[in-house]
Amino acid sequence: MTLLSGPPHVVTAGVDLLREALDAQAVPTTPVDWRPPLPGTAGALARVLADPRRRAANERAVHRLTSSRPLLVGVRRASELLDLPQPMFLHAGPPLDWERASGPMRGALIGAMLLEGYALAEEDARARLESGAVRLEPCHHHRTVGPMAGVVSPSMWMFEVRDDVHGGVAYCSLNEGLGRVLRYGAYGPEVLDRLGWMDRVLGPVLSAAVELAGPIDLRALAAQALQMGDELHNRNRAATSLLLRELAPYVVNAAPGHAAEVLRFVGGNDHFFLNAAMAAAKVSADAARDVPGSSLVVAMARNGTDFGVQVSGLGDRWFTGPAGVPDGLYLGAYGPADANPDIGDSTITETAGLGGFAMAAAPAIVRFVGGEVADAVAATRSMYEITLAEHPAYQIPALGFRGTPVGIDVTLVARTGLLPVVNTGIAGRVAGTGQVGAGLVSPPVEAFTSALLALAESALDPFDQ
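Calculation notes
- Residues numbered from 1 in each chain as written.
- Predicted model: local features only at pLDDT ≥ 70, side-chain atom pairs only at ≥ 80, totals over all residues.
- Heavy atoms only, no water.
- Helix = DSSP H or I, 4+ residues; strand = E, 2+ residues; numbered from the N terminus.
- Rg over C-alpha atoms; globule rule 2.2 N^0.38 Å.
- Buried < 20%, exposed > 50% of the residue type's maximum accessible area, 1.4 Å probe, protein only.
- Contact = heavy atoms within 4.5 Å.
- Areas by Shrake-Rupley, 256 points an atom, 1.4 Å probe, with all protein chains shown as cover.
- Lys, Arg positive; Asp, Glu negative; His and termini not counted.
- Charge placed at Lys NZ, Arg CZ, Asp CG, Glu CD.
- Pairing = 2+ DSSP bridges.
- Axes fitted to C-alpha atoms, helices over the stretch in contact; angles between N-to-C directions.
- Salt bridge = Lys/Arg side-chain N within 4 Å of Asp/Glu carboxyl O.
- Phe/Tyr/Trp six-rings, centres within 6.5 Å; stacked < 30°, edge-to-face > 60°.
- Lys NZ or Arg CZ within 6 Å of the ring centre and 35° of its normal.
- Core = buried A, V, L, I, M, F, W, Y, C linked by side-chain atoms within 4.5 Å.

Enquirer: I would appreciate a short explanation of the overall build of the protein in the present structure.
Expert: A count of helices and strands for the protein gives 17 helices and 18 strands. Here the C-alpha radius of gyration of the protein, 23 Å, is about what a compact globule of 465 residues would show, namely 23 Å. Counting only C-alpha atoms, the protein reaches 85 × 50 × 50 Å along its principal axes. By residue count, 58% of the 465 residues in the protein fall in the buried class. Contacts spanning at least 24 positions in sequence make up 72% of the contacts within the protein whose residues lie at least 6 apart. Total accessible area on the protein is roughly 18,300 Å²; 54% of this is exposed by carbon and sulfur atoms. Averaging the positions of the 36 positive and the 48 negative side-chain charges in the protein gives two centres separated by 3 Å.

Enquirer: So what exactly am I meant to see when it comes to the environment of Cys172 here?
Expert: Considering the arrangement of structural elements, one finds Cys172 in strand β8 (residues 169-173). Excluding residues that lie within four positions of it along the chain, Cys172 makes contacts with Val145, Pro147, Trp157, Met158, Phe159, Asn275, Met278 and Ala279.

Enquirer: Would you mind going over the sheet that holds strand β12 (residues 319-322) with me for this structure?
Expert: Remark on secondary structure: sheet strands pair via backbone hydrogen bonds, oriented parallel or antiparallel. The 4 strands lie next to each other as β12-β11-β10-β14, forming an open sheet whose pairing is antiparallel. Of all strands in the sheet, those with a lone pairing partner are β12 and β14 (343-344), marking the two edges. As judged from the 5 bridges shared by strand β10 (residues 297-303) and strand β11 (residues 306-311), these two strands associate in the antiparallel manner. Residue pairing in the sheet places Val297 in a bridge with Val311 of β11. Sitting on the sheet, helix α17 (residues 445-458) is in contact with β10, β11 and β12, with an inclination near 155° to β12.

Enquirer: What should I look at first to understand the pattern of salt bridges in this one?
Expert: Where side chains of opposite charge bring their charged atoms close, a pairing between them can arise. As enumerated under the stated definition, the model contains 17 salt bridges in all. Notably, a salt bridge pairs Asp286 with Arg289, separated by 2.7 Å at the nearest N-O pair. Like Arg289, Asp286 is buried. One salt bridge connects Glu390 with Arg402, and the closest N-O pair in it is separated by 2.8 Å. Pair noted here: Glu390 is in strand β15 (residues 387-396) and Arg402 is in strand β16 (residues 402-408), with a separation of 12 residues, a long-range link. A residue is classified by how much of its surface remains accessible, and Arg402, at 30% relative accessible area, is partly exposed. What you see here is one network of salt bridges that share partners, running through Arg76, Glu80, Glu160 and Arg162.

Enquirer: Where do I start with the packing of aromatic side chains in this structure?
Expert: The description of two aromatic rings rests on the distance between their centres and on the angle between their planes. Evaluated as defined, the whole model comprises 3 aromatic pairs. Ring plane angle 80° and centroid distance 5.8 Å describe the contact between Phe159 and Phe272, whose orientation is recorded as edge-to-face. Of this pair, Phe159 sits in strand β7 (residues 157-163) while Phe272 sits in helix α12 (residues 272-286), placing them 113 residues apart in sequence. The same class applies to Phe159 and to Phe272, which are both buried. With a centroid separation of 5.1 Å and 55° between ring planes, the pair formed by Trp197 and Phe265 is classed as tilted. Of this pair, Trp197 sits in helix α8 (residues 189-213) while Phe265 sits in helix α11 (residues 259-267), and the two are 68 residues apart along the sequence. Summarising the burial analysis for this pair, Trp197 and Phe265 share the class buried. We note Arg402 situated over the ring of Tyr384; from NZ or CZ to the ring centre the distance is 3.5 Å.

Enquirer: I tried to follow the nonpolar core on my own but got confused; where do I start?
Expert: Note that soluble globular proteins tend to have their nonpolar side chains buried in a common cluster. Counting residues in each nonpolar core, the largest one holds 88 residues, and the members touching the most others are Phe89, Leu202, Leu232 and Phe273. Ranked by residues supplied to this core, first place goes to α12 with 11 residues. For Phe273, the residues in contact, after removing those within four places along its chain, are Leu218, Leu221, Leu232, Asn236, Ala239, Thr240 and Leu243. Listed in part, the 36 residues of the second largest apolar core include Val309, Ala362, Val369 and Leu455.

This is the structure we're talking about:
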């Protein structure tokens, strides 16, 4: 009766025509930004939303993700940490073979063949890879993440990150810097020389320094870096400086003869912390895996051909779609025609509430990936619509220290039609080119809709309980 006797209140949704007509008559309205679910998902969405396990499962999964405390506990060779029978390489993204590999992925694999001595020349390396003689497996299948091509070979040194709360472990290789580097598909003499120095000097020195320093709290460093203007994917200047401050005294103690060159290399590479951030995000997301009924995304990854996601309640299955070409800024004379489709495991940062999801904390990022400061803020705000929580440690000063949006929910993606925001480097499409730019990219909607359909197939019927 109150509804009938009180003043009318109008809620408008959809097109603005009705709201505008009522505004013209001075009728108060409450506009609602409503969108229909993604085409073809209504039935599956209803079934997943009705799964009696979903709410509790998602609460458990996102709590495990946000309560993780990643610690840097070591720097060790991949051959010590991973099962890499010769010849075998890990790579970024979902499973891939040589035939479907993009230019930068092929370039990185050729470079790894030369680095490990599995081939003496480019032609020999290419022939062996084409023949299938080299085994290729995703980094994610080995508790590992790799930026861009993400190729990991036995001699490479890795960050070892352990979750102090849930006990998981994750690994990521050391960052080479920007430009013509292996992870962008370059494999010339300067690339191999740099990797050789990293093998002989950088890796052993950092290993000794971390051992002397003891565990380093990466979550605390990332949280502080967010309040200093980083977003921990394409801007890591503050985080790298903070890590360098932690390690510098121990580098000097561990290897005084090499301290200057090691500190100069790390200090001159603003992206050095990225790889540690990736391993931290990986171990956090892995803590949320394998919760039956959960629709939480625990991995997003690209191999230069496919973009894939994994979901907590669906085990290790990949759901994929074609990787898109980023839209952004290009270096020198490069342009969109030179760009390879999106590549790399670094979207694990967005999966854990960093990167594109935290761009409001890093207004300077727009100078690297394009757009305006307002676009960065809008990107972060939109991600609250497809996530389950706000991260308790990762806070954004510009939003009143609101926690970053974290915990991508497949059902929310389907209900809103919003896709995760990803900022990324751009690799040249021709093997051996290296980096050509940086920008923003949208994941393929098919990856999320196929995951939703799989969740619907495994959903429990509430009337059977």
